[in-house]
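Now for the letters of each chain:
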Amino acid sequence: MSSRQSHPYCLNVGLPPMYIPQPPTNPHQPSPSDLQNCWHQWTYLWVGSPVSYGDWLFVGNVNFNSVEGCVFTQNDAGRYVYKYVYVYLKDIQMYICVAP
């Protein structure tokens, strides 16, 4: 997951769900069209091979090789902030969209 400066898109996304979902029973790497269905929704991504990390992403943009959006995370000072990040699709092992 790579980070960029804060982005105006993140201003009104609300807080992510406060739980970690169970992984899907039939996990698969998402295609761009799979993640298009998650646009403007909090989506939990399991990342790594084997899976080594998971986090909520508010999906803002999907292209042929990555998904972009907002994460709510701690900065170096320990404060919670929104960051606009992108994740390569090849790194995503599983995902779950949460309807708004």
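Quick notes on the rules
- Residues numbered from 1 in each chain as written.
- Predicted model: local features only at pLDDT ≥ 70, side-chain atom pairs only at ≥ 80, totals over all residues.
- Heavy atoms only, no water.
- Helix = DSSP H or I, 4+ residues; strand = E, 2+ residues; numbered from the N terminus.
- Buried < 20%, exposed > 50% of the residue type's maximum accessible area, 1.4 Å probe, protein only.
- Contact = heavy atoms within 4.5 Å.
- Areas by Shrake-Rupley, 256 points an atom, 1.4 Å probe, with all protein chains shown as cover.
- Lys, Arg positive; Asp, Glu negative; His and termini not counted.
- Charge placed at Lys NZ, Arg CZ, Asp CG, Glu CD.
- Disulfide = S-S within 2.5 Å.
- Salt bridge = Lys/Arg side-chain N within 4 Å of Asp/Glu carboxyl O.
- Polar contact = N/O pair within 3.5 Å; in protein donor to acceptor, adjacent residues only side chain to side chain.

## Considerations on the overall build of the protein chain
Then, in step 1: What the protein chain contains, in helices and strands, is one helix and six strands.
Then, in step 2: Counted from the first residue to the last, the protein chain has its helices and strands arranged as β-α-β-β-β-β-β.
Then, in step 3: Projected onto its principal axes, the C-alpha coordinates of the protein chain cover approximately 35 × 25 × 25 Å.
Then, in step 4: For the protein chain, the proportion of its 100 residues judged to be buried stands at 36%.
Then, in step 5: A sequence separation of at least 24 residues applies to 60% of the contacts in the protein chain between residues at least 6 apart.
Then, in step 6: Looking at the protein chain as shown, the accessible area adds up to about 6000 Å², and 53% of this sits on carbon and sulfur atoms.
Then, in step 7: Put simply, the protein chain has 4 plus and 5 minus side-chain charges, and the middle of one group is 8 Å from the middle of the other.

## A look at the state of the cysteines
Then, in step 1: As enumerated under the stated definition, the model contains two disulfides in all.
Then, in step 2: Each sulfur of the disulfide joining Cys10 and Cys70 lies 2.1 Å from the other. What sets the handedness of the Cys10 and Cys70 disulfide is the S-S torsion sign, and at about -95 degrees it is left-handed. With a gap of 60 residues between them, Cys10 in the loop between β1 (2-4) and α1 (32-36) and Cys70 in strand β4 (residues 66-74) connect regions that are remote in the sequence. Exposure class is identical for Cys10 and Cys70. Each is buried.
Then, in step 3: Each disulfide pairs two cysteine sulfurs, and for Cys38 the partner residue is Cys97, the sulfurs being separated by 1.6 Å. With Cys38 in the loop between α1 and β2 (42-47) and Cys97 in strand β6 (residues 92-98), this pair connects stretches of sequence that are 59 residues apart.
Then, in step 4: Overall, the relative accessible area of 28% leaves Cys97 in the partly exposed class.

## Comments concerning the side chain of Asp55
Then, in step 1: On the secondary structure map, Asp55 appears in strand β3 (residues 53-62).
Then, in step 2: One buried charged side chain, Asp55, makes no salt bridge at all; its nearest oppositely charged neighbour is Lys83, positioned 10 Å away.
Then, in step 3: There is a polar contact of 3.0 Å between the side chain of Asp55 and the side chain of Tyr53.

## Observations regarding unusual backbone geometry
Then, in step 1: Of note in the backbone geometry, His40 takes a positive phi value of approximately 65 degrees without being a glycine.
Then, in step 2: If you trace the backbone, His40 turns up in the loop between α1 and β2.

## What about the environment of Phe72?
Then, in step 1: As for its position among the elements, Phe72 is in strand β4.
Then, in step 2: Remark: the alpha-carbon pair of Phe72 and Cys10, spanning 62 residues in sequence, is separated by 9.2 Å.
Then, in step 3: The residues touching Phe72, leaving out its near neighbours within four places in the chain, are Leu15, Pro16, Tyr80, Val81 and Tyr82.

Read these as spatial facts, not as claims about activity.
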